[in-house]
Amino acid sequence: NQLVQIKHDSLLNTYDFFSEINGQYLVSETLPGEPINKFIEQNESPTDLTDFIGWADQLLDVAVCLQNRIAPVIHGEIRPQNIKISANNQLKLVLFGFCRSDEQNPDARELSFFPLERIWKNLDSTSKQIILRSYS
(Lines give C-alpha, C1' and ligand atoms only; values in the text may rest on other atoms or scores of the structure.)
Protein backbone atom coordinates (compact mmCIF):
# COMPACT_ATOMS: atom_id res chain seq x y z
CA ASN A 1 0.00 0.00 0.00
CA GLN A 2 1.35 3.42 -0.93
CA LEU A 3 0.27 4.95 2.41
CA VAL A 4 3.07 3.06 4.16
CA GLN A 5 5.59 4.74 1.84
CA ILE A 6 4.41 8.32 2.47
CA LYS A 7 6.54 10.19 5.01
CA HIS A 8 5.89 13.79 6.02
CA ASP A 9 6.41 15.75 9.25
CA SER A 10 2.74 16.75 9.32
CA LEU A 11 1.30 13.31 8.61
CA LEU A 12 1.02 10.48 11.08
CA ASN A 13 3.29 7.66 9.97
CA THR A 14 1.58 4.54 8.68
CA TYR A 15 3.41 1.33 9.52
CA ASP A 16 1.19 -1.33 8.00
CA PHE A 17 -2.01 -1.95 6.09
CA PHE A 18 -4.10 -5.11 6.08
CA SER A 19 -7.53 -6.42 5.16
CA GLU A 20 -9.76 -8.71 7.15
CA ILE A 21 -13.27 -10.02 6.54
CA ASN A 22 -14.94 -6.97 8.10
CA GLY A 23 -12.79 -4.23 6.57
CA GLN A 24 -9.44 -2.66 5.84
CA TYR A 25 -7.11 -1.40 8.55
CA LEU A 26 -4.16 0.96 8.91
CA VAL A 27 -1.58 0.62 11.65
CA SER A 28 -0.30 4.10 12.32
CA GLU A 29 1.61 6.22 14.78
CA THR A 30 -0.38 7.42 17.77
CA LEU A 31 -0.41 11.01 18.90
CA PRO A 32 -1.68 11.99 22.33
CA GLY A 33 -3.81 15.05 22.62
CA GLU A 34 -6.96 16.56 21.25
CA PRO A 35 -8.04 17.50 17.73
CA ILE A 36 -7.22 21.11 16.81
CA ASN A 37 -10.72 22.42 17.54
CA LYS A 38 -10.62 21.00 21.11
CA PHE A 39 -7.01 22.16 21.52
CA ILE A 40 -8.07 25.75 20.72
CA GLU A 41 -11.19 25.58 22.93
CA GLN A 42 -9.25 24.22 25.93
CA ASN A 43 -6.33 26.64 25.62
CA GLU A 44 -6.60 29.17 28.45
CA SER A 45 -5.01 31.99 26.47
CA PRO A 46 -6.02 33.04 22.94
CA THR A 47 -4.21 31.20 20.18
CA ASP A 48 -1.61 33.41 18.53
CA LEU A 49 -2.14 34.32 14.87
CA THR A 50 1.37 33.11 14.03
CA ASP A 51 0.38 29.65 15.31
CA PHE A 52 -2.64 29.60 12.97
CA ILE A 53 -0.50 30.71 10.04
CA GLY A 54 2.10 28.05 10.84
CA TRP A 55 -0.54 25.33 11.08
CA ALA A 56 -2.15 26.43 7.79
CA ASP A 57 1.27 26.33 6.13
CA GLN A 58 1.93 22.82 7.49
CA LEU A 59 -1.50 21.61 6.38
CA LEU A 60 -1.06 23.00 2.88
CA ASP A 61 2.41 21.47 2.66
CA VAL A 62 1.16 17.97 3.52
CA ALA A 63 -1.79 18.36 1.09
CA VAL A 64 0.63 19.31 -1.70
CA CYS A 65 2.87 16.37 -0.78
CA LEU A 66 -0.06 13.95 -1.09
CA GLN A 67 -1.31 15.50 -4.33
CA ASN A 68 2.11 15.58 -6.03
CA ARG A 69 2.74 11.85 -5.76
CA ILE A 70 2.91 9.81 -8.97
CA ALA A 71 -0.38 8.28 -7.83
CA PRO A 72 -1.97 11.27 -6.03
CA VAL A 73 -3.56 10.56 -2.66
CA ILE A 74 -6.80 12.38 -1.87
CA HIS A 75 -7.34 12.59 1.89
CA GLY A 76 -11.07 13.20 1.64
CA GLU A 77 -11.66 14.41 5.21
CA ILE A 78 -9.45 17.32 6.09
CA ARG A 79 -11.48 18.74 8.96
CA PRO A 80 -10.76 19.85 12.53
CA GLN A 81 -11.43 16.40 14.02
CA ASN A 82 -8.66 14.92 11.84
CA ILE A 83 -6.01 17.49 12.73
CA LYS A 84 -4.00 17.25 15.95
CA ILE A 85 -1.36 19.50 17.43
CA SER A 86 1.66 17.75 18.94
CA ALA A 87 3.45 18.81 22.13
CA ASN A 88 5.97 20.83 20.07
CA ASN A 89 3.17 22.74 18.24
CA GLN A 90 3.55 20.60 15.09
CA LEU A 91 0.37 19.95 13.13
CA LYS A 92 -0.37 16.28 12.39
CA LEU A 93 -3.00 15.24 9.88
CA VAL A 94 -4.72 12.08 11.07
CA LEU A 95 -5.01 9.45 8.41
CA PHE A 96 -7.79 9.04 6.04
CA GLY A 97 -11.40 8.95 7.03
CA PHE A 98 -12.31 6.21 4.60
CA CYS A 99 -11.47 3.92 7.52
CA ARG A 100 -14.13 5.45 9.77
CA SER A 101 -16.89 3.17 10.93
CA ASP A 102 -19.42 5.96 11.61
CA GLU A 103 -19.46 7.34 8.06
CA GLN A 104 -23.07 6.29 7.45
CA ASN A 105 -24.27 8.46 10.35
CA PRO A 106 -21.98 11.48 10.58
CA ASP A 107 -22.54 14.13 13.22
CA ALA A 108 -24.42 17.08 11.68
CA ARG A 109 -21.52 19.42 12.53
CA GLU A 110 -19.20 17.24 10.42
CA LEU A 111 -21.29 17.31 7.23
CA SER A 112 -19.92 20.66 6.09
CA PHE A 113 -16.46 19.09 5.87
CA PHE A 114 -17.56 16.08 3.80
CA PRO A 115 -17.14 16.20 0.01
CA LEU A 116 -20.59 16.22 -1.59
CA GLU A 117 -19.95 13.02 -3.53
CA ARG A 118 -19.49 11.14 -0.23
CA ILE A 119 -22.84 12.15 1.24
CA TRP A 120 -25.01 12.51 -1.88
CA LYS A 121 -26.38 8.95 -1.92
CA ASN A 122 -27.57 9.27 1.70
CA LEU A 123 -29.34 12.62 1.26
CA ASP A 124 -33.12 12.84 1.03
CA SER A 125 -34.65 14.18 -2.19
CA THR A 126 -35.50 17.59 -0.67
CA SER A 127 -31.89 18.18 0.39
CA LYS A 128 -30.67 17.14 -3.06
CA GLN A 129 -33.07 19.62 -4.72
CA ILE A 130 -31.92 22.46 -2.46
CA ILE A 131 -28.28 21.72 -3.27
CA LEU A 132 -28.94 21.42 -7.01
CA ARG A 133 -30.79 24.75 -7.06
CA SER A 134 -27.93 26.52 -5.27
CA TYR A 135 -25.44 25.34 -7.92
CA SER A 136 -27.60 26.12 -10.99
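For the structure itself, consult the block above.
Residues numbered from 1 in each chain as written. Predicted model: local features only at pLDDT ≥ 70, side-chain atom pairs only at ≥ 80, totals over all residues. Heavy atoms only, no water.

Caption draft 1: Geometry of the overall build of the protein chain. Check the secondary structure of the protein chain and you find four helices and four strands. Helices and strands in the protein chain line up, N terminus first, as β-β-α-α-β-β-α-α. A burial count over the protein chain gives 27% of its 136 residues as buried. Nonlocal contacts in the protein chain, meaning residues at least 24 apart in sequence, comprise 49% of its contacts between residues at least 6 apart. Total accessible area on the protein chain is roughly 9200 Å²; 54% of this is exposed by carbon and sulfur atoms. (Helix = DSSP H or I, 4+ residues; strand = E, 2+ residues; numbered from the N terminus. Buried < 20%, exposed > 50% of the residue type's maximum accessible area, 1.4 Å probe, protein only. Contact = heavy atoms within 4.5 Å. Areas by Shrake-Rupley, 256 points an atom, 1.4 Å probe, with all protein chains shown as cover.)

Caption draft 2: Layout of helix α4 (residues 125–134). Within α4, only one of the ten residues are buried, leaving the element largely exposed. Looking at where α4 begins, the residue whose side-chain oxygen comes 3.1 Å from the main-chain nitrogen of Thr126 is Asp124. (Polar contact = N/O pair within 3.5 Å; in protein donor to acceptor, adjacent residues only side chain to side chain.)

Caption draft 3: Examining the pairing of strand β1 (residues 14–20) more closely. By the bridge criterion, six bridges tie β1 to strand β2 (residues 23–28) in an arrangement that is antiparallel. Within β2, the position partnered with Thr14 by the bridge is Ser28. Between β1 and β2, which pair antiparallel one after the other, the connecting turn spans two residues. (Pairing = 2+ DSSP bridges.)

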